[in-house]
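# Residue-level structural notes
The lines below spell out each chain.
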Amino acid sequence: MCFTYLKQEGYGSLYKPYLALIIAGISISWAAILARLTNAPSYVIALWRLAFSSIILFALALLKRNYLLELRQMNRSEILLMSFSGIMLAVHLALWVESLFLLPVSLSVIIVDTYPVFSIIIDYKLFKTRISIIQIIGILLAFTGITILSLMSEHVAIGNAYGILLAFIASLAAAAYFSIGKFFRKKYSTTTYSLIVYSSASLSLLLCDLVLNYNIIYYDVKTWILFALFAIVPMLGGHTMINYALKYFPLSSTIAIVLVEPVGATILAALILSEYVSPIVYLIMTQILLGLYLAIRGVKY
């Protein structure tokens, strides 16, 4: 199901892009849970999540000649910009997973998922959309809620403050990554773009892991299964589906699907990790999600 986008990449019926976003929303909700269950450093988790995804996409590219033709048609500047997008993706994944080891799942996920708000600014600057009063209200609501949540007594430890900073940087990196994706998806297929980006991200993380002297090979079977699940579910089922939908919808509207993740991840964390949050946290999360929704819903084209 995750690969239905390969059958057609034209501008026909929009049921496929909508279906892709539904799959993406469900898939990305599992990312935080898989990270918590994996016994490996954040940079290693991000490396294998991207490496396995790259291998799968490369195998798919070999099955269809037009993907290889697209690769040959790319010029140097396009490859460099896609590689930069990959570096931003690597930063996003590595720092966000690191923040998960310092913060409750609910806080880490809702901070990193503010990147649709940053995409509104990018939409305005690059894709000539207008910022409305509703968007400004939404942004204020969201960031007020995040500030309150971040300053609550259970989150003010130094380690948690560092985790919050990592999640914010990861959010900015994600906004850059998806913005570049919006630009290239007008010209290239999902498979071709994602293959270049995921591969460059993998190489960046491999270099970091080698410099940091992390163990990247010697893990048990359970950990390798989790690495593979990371690639199949939140990466191919999540990010790749969002990349596919970028061709059909505006940037901020497309990545608005991440609003599903804080709710899904918080529920899964309670069910699987027994990580519960207080009713006041749910209330503040509702305010943040409402703010993000208004910020995205208020986009004018």
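Whatever comes next refers back to the structure up there.
Here's what I pulled together on the structure shown here.

About the criteria used
Residues numbered from 1 in each chain as written. Predicted model: local features only at pLDDT ≥ 70, side-chain atom pairs only at ≥ 80, totals over all residues. Heavy atoms only, no water. Helix = DSSP H or I, 4+ residues; strand = E, 2+ residues; numbered from the N terminus. Buried < 20%, exposed > 50% of the residue type's maximum accessible area, 1.4 Å probe, protein only. Contact = heavy atoms within 4.5 Å. Areas by Shrake-Rupley, 256 points an atom, 1.4 Å probe, with all protein chains shown as cover. Axes fitted to C-alpha atoms, helices over the stretch in contact; angles between N-to-C directions. Parallel < 35°, antiparallel > 145°, perpendicular 65-115°, else oblique. Nonpolar A, V, L, I, M, F, W, Y, C, P; charged D, E, K, R; others polar. Core = buried A, V, L, I, M, F, W, Y, C linked by side-chain atoms within 4.5 Å. Salt bridge = Lys/Arg side-chain N within 4 Å of Asp/Glu carboxyl O. Phe/Tyr/Trp six-rings, centres within 6.5 Å; stacked < 30°, edge-to-face > 60°.

### Thoughts on the overall build of the protein
On a plain count of helices and strands, the protein comes out with 14 helices and zero strands. Order of helices (α) and strands (β) in the protein, N terminus to C terminus: α-α-α-α-α-α-α-α-α-α-α-α-α-α. Going through the 301 residues of the protein one by one, you find that 55% of them count as buried. Counting contacts in the protein only where the partners sit at least 6 residues apart, residues at least 24 apart contribute 88% of the total. Looking at the protein as shown, the accessible area adds up to about 13,300 Å², and 71% of this sits on carbon and sulfur atoms.

### Overview of the packing of helix α3 (residues 42–63) against helix α4 (residues 65–73)
For the pair α3 and α4, the least separation of the axes is 5 Å and the interaxial angle reads 105°. Considering their axes alone, α3 and α4 lie roughly perpendicular with respect to each other. Within the contact between the two elements, α3 uses Leu60, Ala61, Leu62 and Leu63 and α4 uses Arg65, Tyr67 and Leu68. In terms of residue class, the contact of α3 with α4 is made up of six nonpolar, no polar and one charged.

### Topic: the nonpolar core
Among the nonpolar cores identified, the biggest contains 76 residues, and Leu89, Trp96 and Tyr198 are the most heavily contacted of them. In contact with Tyr198, not counting residues within four places along its chain, are Leu50, Ser53, Ser54, Leu57, Leu89, Tyr177, Met235, Leu236, His239, Thr240 and Asn243. Within the second largest apolar cluster, 20 residues are counted, among which are Leu103, Ile111, Ile164 and Ala295.

### Section: the pattern of salt bridges
Within this structure, the stated rule accounts for two salt bridges. A salt bridge links Arg36 to Glu275, with the shortest nitrogen-to-oxygen separation between them at 2.7 Å. Taken together, the residues Arg36 in helix α2 (residues 31–37) and Glu275 in the loop between α13 (260–272) and α14 (279–297) connect sequence positions 239 residues apart. A salt bridge links Lys187 to Glu78; its shortest N-O distance comes to 2.8 Å. Here Glu78 lies in helix α5 (residues 76–100) and Lys187 lies in the loop between α9 (158–184) and α10 (190–211), a separation of 109 residues in the sequence. Under the relative-accessibility criterion, Lys187 is labelled exposed at 52%. Accessibility expressed as a relative area gives 11% for Glu78, which makes it buried.

### Here we look at unusual backbone geometry
Positive phi values are uncommon outside glycine, yet Asn213 reaches one of about 60°. Along the chain, Asn213 falls in the loop between α10 and α11 (221–245).

### Notes on the packing of aromatic side chains
Under the counting rule described, the total for this entry stands at 13 aromatic pairs. Ring geometry for Phe52 against Trp224: centres 6.2 Å apart, planes inclined by 75°, an arrangement best described as edge-to-face. With Phe52 in helix α3 and Trp224 in helix α11, this pair connects stretches of sequence that are 172 residues apart. In this structure Trp224 comes out as partly exposed when scored by relative accessible area, which is 25%. With centroids separated by 5.6 Å and ring planes inclined at 85°, the aromatic side chains of Tyr219 and Phe227 adopt a geometry described as edge-to-face. Of the two residues, Tyr219 and Phe227, both sit in the buried class. Aromatic rings pair up to connect Trp48, Phe52, Tyr219, Trp224 and Phe227 into one cluster.

Honestly, that's just the spatial picture; any functional story needs more than this.
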